[in-house]
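Single-letter residue listing:
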Amino acid sequence: MATSSNGKSSASSNGNGKAATNGSHAKKVGKPSPALTPVERLTPTAVPAHKLVLRTLRRSDFKAVKDIMDKVYSNMEGAWAADEFAALLRKFPEGQIGIEDNGRLVAAALAIIVDYSKFGDKHTYAKITGHGKFDTHDDDGDTLYGVDVFVDPEYRSLRLGRRLYDARKELCENLNLRAMVAGGRIPGYAAYANEMTPAKYVEMVRNKEVVDPILTFQLSNEFHVRKIIRGYLPYDSESKAFATLLEWINVYYEETEKLIGNTKSNVRIGVVQWQMRATRSLEDLLQQMEFFVDTVSGYKADCVMFPEFFNAPLMALTNEDSPAVAIRAMAAFTEPIKAKMMELAVSYNINIVAGSMPVYEDGKLHNVAYLCRRDGTVDEQYKLHVTPDEASYWGMRGGDKLKCFDTDFGKIGILVCYDVEFPELARMLSDEGVKILFVPFWTDTKNAYQRVRICAQARAIENECYVAITGSVGNLPRVENMDIQYSQSAVFSPSDFAFPHDAIVAEATPNTEMTLIADLDLDLLKDLNTSGAVRNLRDRRKDLYSLGWTIKKTDRDDDLLAQGSEERLPRTSRRKAVAAG
């Protein structure tokens, strides 16, 4: 992004960090990429491992801040001085926000609180910032004033500017400030200065007829233009010394005070009912993945979930006749898909439950679900219970750990398909504080689907939590044992007066490719626990029974594999015997 409220900007960047030329995105035109060989398709793409942390700035950050500002504002006045930076931290430490990646500061937003009535709409940047002394900061003021925003040019593609603006909005709400105001440069105006007035230029940007590197981004972040200011930054030749006075209104003004970074009470999730279709390459599948991540993130969802074995179309690319060999060959695609999911989670600012995929390690085949967080971290949940069909047909093994995951919207759990049919797992996750349970599944028939659905609904009632399920639809003629699919994705709630009468928050059309978006109120779960018509968690007789986790060597997987080697069921019989999963 590399934009700032003081008007400083990198000329080669727009509001969301993408390169722009003459008001439109520049595209390279070249020769089409050659077709990939099967070996190339199996080669993971290197993706840097991110660990993004949003935090307030410290005095020790000055060198990093200066380095970034010198890069971004090389064509203007460069970085703030050390004493100016120290003054900001001394007067308003909560308002100086940064993003670090693996301990390295890569972006920052600076702000002060002002009594806006003392300055009005005709102020200059120098006046409202106290000429860099920031003695205009007023703890009792009513407006958060944006002093600066900047992003390391190496990180423009990650849309970190949007995160910083969102953090500022949260700060404004939690400090119960009336609004956020900033002066924004219009560097694209230089190309139109001989053709139109600044007011006409702003109107064209607002109507999306022209793209301005800064104004377009700010308008997309829910700011509106209060006024056009002349002489805001006299040395700003690109904007011809004009600037827009931008304002974001805090609709929660006078609400109860909170601090930034609090766990959300209202969570928006999306699930993808995935269409199985023949694919020509890994790139085709990745493109389809990004389409759905982009779509769901466009609704400002906190999380999106894909189904179990959504990558099954790649099995056809292995050209293996044996299903057991084919799924092991398909496991080679898992790492590049996981890497892409991690990249998408950061780039689109959305947590991703990446369905599940086969992992072949130490001579054992597992079914693994990945959680790719939007802060750049990744975690995994192995499927614990394999079905007889998975063991006998593929040689699949179960995992031995159950995890409760911390996310920026609360604690969640992941149970892969068949695992949801074992109530002990959900109960143990509930004891760890899980409020949303994600269940990616794959089923081929309605009776198999019903097992997953009914058990998921039971888990929601038993554990006073929300449960989201999603599977795949369509068919895969060249993929044996995964050739037909059945799914009706849904989100379930407990069953009480505060929830939908049928305990279904949302559900998809059966066997149709689509996304499902649902808003979940976590505060309702708290009320249910204390004053519900029934209180399953509170009323347990712990004096009579208990539930624990025991890890010990088991021969169950070996028994299932032995059954498969001794007796291969005919295809029609196997279809009837297949368990959900």
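Residues numbered from 1 in each chain as written. Predicted model: local features only at pLDDT ≥ 70, side-chain atom pairs only at ≥ 80, totals over all residues. Heavy atoms only, no water.

Visitor: What's the story with the overall build of the protein in this structure? I'm lost.
Guide: Assigned secondary structure in the protein consists of 16 helices and 24 strands. Per-residue burial for the protein yields a buried fraction of 54% across its 581 residues. Considering only contacts in the protein between residues 6 or more positions apart, those separated by 24 or more positions represent 73%. Here the protein displays about 25800 Å² of accessible surface, and carbon together with sulfur accounts for 50% of that area. (Helix = DSSP H or I, 4+ residues; strand = E, 2+ residues; numbered from the N terminus. Buried < 20%, exposed > 50% of the residue type's maximum accessible area, 1.4 Å probe, protein only. Contact = heavy atoms within 4.5 Å. Areas by Shrake-Rupley, 256 points an atom, 1.4 Å probe, with all protein chains shown as cover.)

Visitor: Before we go on, may I ask you to explain helix H5 (residues 160–174) in this structure?
Guide: In an α-helix there are 3.6 residues to a turn, and that puts residues three or four apart on one side. Spanning 15 residues, H5 covers 21 Å between terminal C-alpha atoms, matching the ideal 21 Å at 1.5 Å per step. Among the 15 residues in H5, 11 count as buried, and that is most of the element. Along H5, the residues classified as buried are Leu-160, Gly-161, Arg-163, Leu-164, Tyr-165, Ala-167, Arg-168, Lys-169, Leu-171, Cys-172 and Asn-174. Immediately beyond the C-terminal end of H5, within one or two residues, lies Asn-176, with a positive phi of roughly 55°. (Expected span 1.5 Å × (residues − 1).)

Visitor: Would you mind going over the sheet that holds strand S3 (residues 52–56) with me for this structure?
Guide: Neighbouring strands of a sheet are bound in pairs by backbone hydrogen bonds; such pairs are parallel or else antiparallel. One open sheet holds the seven strands; their spatial order is S3-S4-S5-S6-S7-S9-S8, and the pairing between them is mixed. In this open sheet, the two edge strands, each paired with only one partner strand, are S3 and strand S8 (224–230). Across this sheet, the average inter-strand angle for adjacent strands is 25°, counted without regard to direction. Here S8 runs beside strand S9 (residues 242–249); their pairing, made up of six bridges, is antiparallel. (Pairing = 2+ DSSP bridges. Axes fitted to C-alpha atoms, helices over the stretch in contact; angles between N-to-C directions.)

Visitor: When you look at the packing of aromatic side chains in this model, what are you seeing that I'm missing?
Guide: Aromatic rings in a pair are described by how distant their centres are and how their planes are angled relative to each other. Scanning the entire structure with this criterion turns up 19 aromatic pairs. Aromatic side chains Tyr-73 and Phe-150 sit 6.4 Å apart centroid to centroid with 80° between the ring planes, which places their arrangement in the edge-to-face category. With a gap of 77 residues between them, Tyr-73 in the loop between helix H2 (62–72) and helix H3 (82–91) and Phe-150 in strand S6 (residues 143–151) connect regions that are remote in the sequence. Assessed through its relative accessible area of 0%, Tyr-73 is described here as buried. Each residue in the set Trp-274, Phe-291, Phe-292, Phe-306 and Phe-310 is aromatic and connected to the rest through ring pairs, giving one cluster. The ring of Tyr-348 has Arg-159 lying over it, and the distance from NZ or CZ to the ring centre is 4.9 Å. (Phe/Tyr/Trp six-rings, centres within 6.5 Å; stacked < 30°, edge-to-face > 60°. Lys NZ or Arg CZ within 6 Å of the ring centre and 35° of its normal.)

Visitor: I would appreciate a short explanation of the sheet that holds strand S22 (residues 490–492) in the present structure.
Guide: Strand order in this open sheet of six strands is S17-S18-S19-S20-S22-S23, and the pairing throughout is mixed. Because the sheet does not close on itself, it has two edges, and the strands there are strand S17 (405–407) and strand S23 (504–507). Taken over all neighbouring pairs, the strand axes of this sheet differ in orientation by 20° on average, direction set aside. As defined by bridge partners, S22 adjoins S23 across three bridges and the pair is classed as antiparallel. Across the sheet, Phe-492 pairs through a bridge with Ile-504, a residue of S23.

Visitor: Just to check I follow, could you spell out the environment of Leu-522 for this structure?
Guide: Among the structural elements, Leu-522 can be located in helix H14 (residues 522–531). Residue classification places Leu-522 among the buried positions, given a relative accessible area of 10%. Considering only alpha carbons, one finds Leu-522 and Cys-465, 57 residues apart in sequence, at a separation of 8.6 Å. Ignoring any residue separated from it by four or fewer positions in sequence, one finds Leu-522 in contact with Lys-264, Ser-265, Val-267, Phe-409, Lys-435, Ile-436 and Tyr-466.

Visitor: I keep staring at the nonpolar core and nothing clicks. Help me out?
Guide: Most often, soluble globular proteins keep nonpolar side chains buried together rather than apart. Judged by nonpolar contacts, the single largest core of 50 residues is most densely connected at Ile-269, Ile-414, Ile-436, Phe-438, Val-467 and Ile-469. If you look at the next biggest cluster of nonpolar residues, it comprises 48 residues, including Met-276, Ala-312, Ala-354 and Leu-365. (Core = buried A, V, L, I, M, F, W, Y, C linked by side-chain atoms within 4.5 Å.)

Visitor: Please explain the pairing of strand S10 (residues 266–276) as it appears in this structure.
Guide: Each regular strand carries side chains that alternate between the two faces of the sheet. Summarising burial for S10: eight of the 11 residues are buried, a large majority. Pairing of S10 with strand S24 (residues 514–521) involves eight bridges; the strand directions are antiparallel. Bridging across to S24, Val-267 finds its partner in Leu-520. Here S10 pairs with strand S11 (residues 303–305) via three bridges, running parallel. Note that in S11 the partner of Ile-269 across the bridge is Cys-303.

Visitor: Quick question: what am I supposed to make of the side chain of Asp-212 here?
Guide: Relative to the assigned elements, Asp-212 resides in the loop between helix H6 (198–206) and helix H7 (215–220). No salt bridge is formed by the buried Asp-212; the nearest opposite charge belongs to Arg-185, separated by 8.0 Å. At a separation of 2.9 Å, a polar atom in the side chain of Asp-212 contacts the main-chain amide nitrogen of Leu-215. Those residues in contact with Asp-212 that sit more than four places away from it in its chain are Arg-185, Ile-186, Pro-187, Gly-188, Tyr-189, Tyr-201, Val-205 and Phe-217. (Lys, Arg positive; Asp, Glu negative; His and termini not counted. Salt bridge = Lys/Arg side-chain N within 4 Å of Asp/Glu carboxyl O. Polar contact = N/O pair within 3.5 Å; in protein donor to acceptor, adjacent residues only side chain to side chain.)

Visitor: How should I be thinking about the side chain of Glu-464 in this particular structure?
Guide: Structurally, Glu-464 can be placed in the loop between helix H13 (446–463) and strand S20 (466–470). Buried charge without a salt bridge: Glu-464, with Lys-435 as the nearest opposite-charge side chain at an N-O distance of 6.1 Å. Separated by 3.1 Å, the side chains of Glu-464 and Asn-529 make a polar contact. Leaving out residues up to four positions away in the same chain, Glu-464 has contacts with Arg-459, Pro-494, Leu-525, Leu-528, Asn-529, Val-534, Arg-535, Asn-536 and Leu-537.

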